[in-house]
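Chain and residue survey
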Amino acid sequence: MRPIAPSRRTVLGSLAASLIALPARAQTGGDGFKILEARKTSLKLSSAGATAGFGYDGAVPGPLLRVKQGEEVKVRLVNKLEQPTSLHWQGLIGDNANDGVAGLTQKAVAPGARFDYRFKATAPGAYFYKPAIQPHNVEQISRGLAGVLIVDEAEPPEVDRDLVIVLQDWKLDAKGALSEPFGEPGAGRVGSLLTANLAPAPLTETAPPGGRVRLRIINACTARMAVAIFDGGAPRCIAIDGQACDPFQLVRNTAPMAPGARFEFIYDLPAGDGPDLTLGLWAGQGKPRLPVFALKAKGEKAKPRAAFTTLPANPRLPPEIRLGQARKLELALQPPKTPGGQWTFNGAPQSYAGKPLFSVKRGTPVSIGFANKSDVAISMHVHGHCVRLLHDLDDGWEPYWRNSVIVAKGARKHVAFLADTPGKWALRSDVADQEAAGLAAWFEVT
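Here we summarise the structure given alongside this text. Source: prediction; values computed, not measured. (Residues numbered from 1 in each chain as written. Predicted model: local features only at pLDDT ≥ 70, side-chain atom pairs only at ≥ 80, totals over all residues. Heavy atoms only, no water.)

1. Digging into the environment of Thr85
Short version of the rule: Where helices and strands are cited, they refer to DSSP runs of H or I of at least four residues and of E of at least two residues respectively, numbered from the N terminus. Exposure classes here rest on a 1.4 Å probe applied to the protein chains alone. A residue is buried below 20% of its type maximum, exposed above 50%, and partly exposed in between. Pairs of residues are marked as contacts when any of their non-hydrogen atoms sit within 4.5 Å.
Within the secondary structure, Thr85 sits in the loop between strand E5 (72-79) and strand E6 (88-90). The exposure class assigned to Thr85 is buried, which follows from its relative accessible area of 1%. Along the chain, Thr85 and Ala113 lie 28 residues apart, while their C-alpha atoms are 9.7 Å from each other. Setting aside residues no more than four positions away along its own chain, Thr85 makes contact with Leu77, Asn79, Ala108, Val109, Pro131, Ile133 and Gln140.

2. Quick look at the pattern of salt bridges
Any two side chains of opposite charge can pair if their charged atoms end up close together. Note the threshold: By definition here, a salt bridge exists when the distance from a side-chain nitrogen of Lys or Arg to a carboxyl oxygen of Asp or Glu is within 4 Å.
Considering all chains together, one arrives at 33 salt bridges under this definition. With a shortest N-O distance of 3.1 Å, Asp392 and Lys413 are connected by a salt bridge. A residue pair is termed long-range when its members are at least 10 positions apart, and Asp392 in the loop between strand E27 (388-389) and strand E28 (404-407) and Lys413 in strand E29 (residues 412-419) qualify at 21 residues. Taken together, the shared-partner salt bridges connect Arg66, Asp152, Glu153, Asp162, Arg214, Arg216 and Glu264 into one network.

3. Regarding the pairing of strand E3 (residues 49-56)
Convention followed: Strand pairing is assigned whenever DSSP detects at least two bridges linking the two strands.
The element E3 is largely enclosed, with a buried count of six among its eight residues. For strand E2 (residues 34-46) and E3, the ladder comprises eight bridges, and the chain directions are antiparallel. Bridged to Thr41 within E3 is Gly53. In this antiparallel pair of consecutive strands, E2 and E3, the connection spans two residues.

4. Section: the sheet that holds E27
Ordered in space as E23-E22-E25-E29-E27, the five strands form an open sheet in which the pairing is mixed. The open sheet is flanked by strand E23 (344-345) and E27, the only strands paired with a single partner.

5. Quick word on the layout of surface pockets
Operational definition: Points on a 1 Å grid, built from protein atoms alone, make a cavity when a 1.4 Å probe fits but cannot get out and make a pocket when they are open with protein on both sides within 12 Å along at least 5 of 7 lines; residues with an atom within 4 Å of a point are the lining residues. Grid points are joined across faces, edges and corners, and a volume is the space filled by probe spheres set on the points. Each residue gets one of three labels, nonpolar for Ala, Val, Leu, Ile, Met, Phe, Trp, Tyr, Cys and Pro, charged for Asp, Glu, Lys and Arg, and polar for the others, Gly among them.
Estimates place the volume of the largest pocket at around 1200 Å³. Looking at the largest pocket, it is lined by 40 residues, and the ones nearest its centre are Ala226, Val227, Pro256, Met257 and Ile406. When residues of the lining of the largest pocket are traced back to their parent elements, those giving at least two are strand E15 (226-231), strand E17 (243-249), strand E18 (254-257), strand E20 (277-282) and E28. Looking at side-chain class alone, the lining of the largest pocket contains 28 nonpolar, five polar and seven charged residues.

6. What to know about the nonpolar core
So the rule is basically this: Throughout, nonpolar core names a set of buried Ala, Val, Leu, Ile, Met, Phe, Trp, Tyr and Cys residues whose side chains join them through atoms within 4.5 Å.
Counting 33 residues, the largest nonpolar core has Leu215, Ile217, Phe263, Phe265, Phe293 and Leu295 as its most contacted members. If we skip the residues at most four places from it in the chain, Ile217 touches Ile165, Leu167, Met257, Ala261, Arg262, Phe263, Phe265 and Leu279. One finds Phe358, Leu439, Ala441 and Val445 within the second-largest nonpolar core, a separate group that totals 28 residues.

Here is the structure:
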């Protein structure tokens, strides 16, 4: 199970590449829709035997969907599971009808039914598709339902390798089956087995000495929050959550990654002998660092390339957010008071079927404060928009866009965005267990 290194034909072909060998590509219907079947599959995760999982087209991760900027994405989800499902495109902005949140933007896709998603790939970047249906999303993601959509730039940067790495973890019992029941309180379900593209981590790849690698890391775990740490080199971050940023070197070569997070890097290997670039995940004090990935130099020396500058910025995102005119909202995120209870927002339970937390007119700046009143970390995701993480001292914002913000236990974080697309948008935790237990609400843009 290896990351892809796309050829020219792969980059120019629509939805043609696959992340893993089975299936080679998503099926295509006579009307041009790529067909993704959510169905049962058998996984080999341990020596104890086969593990019953779920896969898109039977594959885990699902087929890599790939288009060029400006092309249309046409995907038909066919549900062959015994429970309802949906398909959420994490990072997709400005398209409420295709957001895929069951009970809010669409009806759940019942067993045996299908649903068509059709939208224009206006902004390049790495997107992540998965179910968004309470409470089944915990089991469905834990069993493997996840995949990647890449929208290539009109003129992608020249690289020697373009590597996509999807991280998933698995909680297995002694017989190699996925541990049940699904849905765990607090920090959520975290498995001890970590895989990269379904291969036991660490995954090893090669590139020519002096070569340039584009590395895309996607956290497709159900609940795992960790710090990604590079050793042996200093890749430059060029995009976060699908949105380009001015290239920068990570502080201490570390990046916090919550479920659903996507980080993209450019790395130039040493022209001569040099250390391998390695990536590990660290979950906190007293916990071991899990090896994820190793990049080794191999083969003939690569041709020299001009210095990498930057990816094109998304022109849809505003150059500034007028915080003085923003609709301000402070939310206390409170954990269940009893086992099996629900999370609350400012002491009140919320749901996708209830009233919106707030409603604003299109074009309104919005500022939201998240106060974590629990003893576990939370990652709050604002659907349909990209947000700026405000500085804690109210003196500006971070120079990149995010879909989500991690709020440590007992901490408070603020984000701001421009509400520029009408619709009903989810506001929820990226930890599937927390969302299923009520850490999910919505807001409206009219």
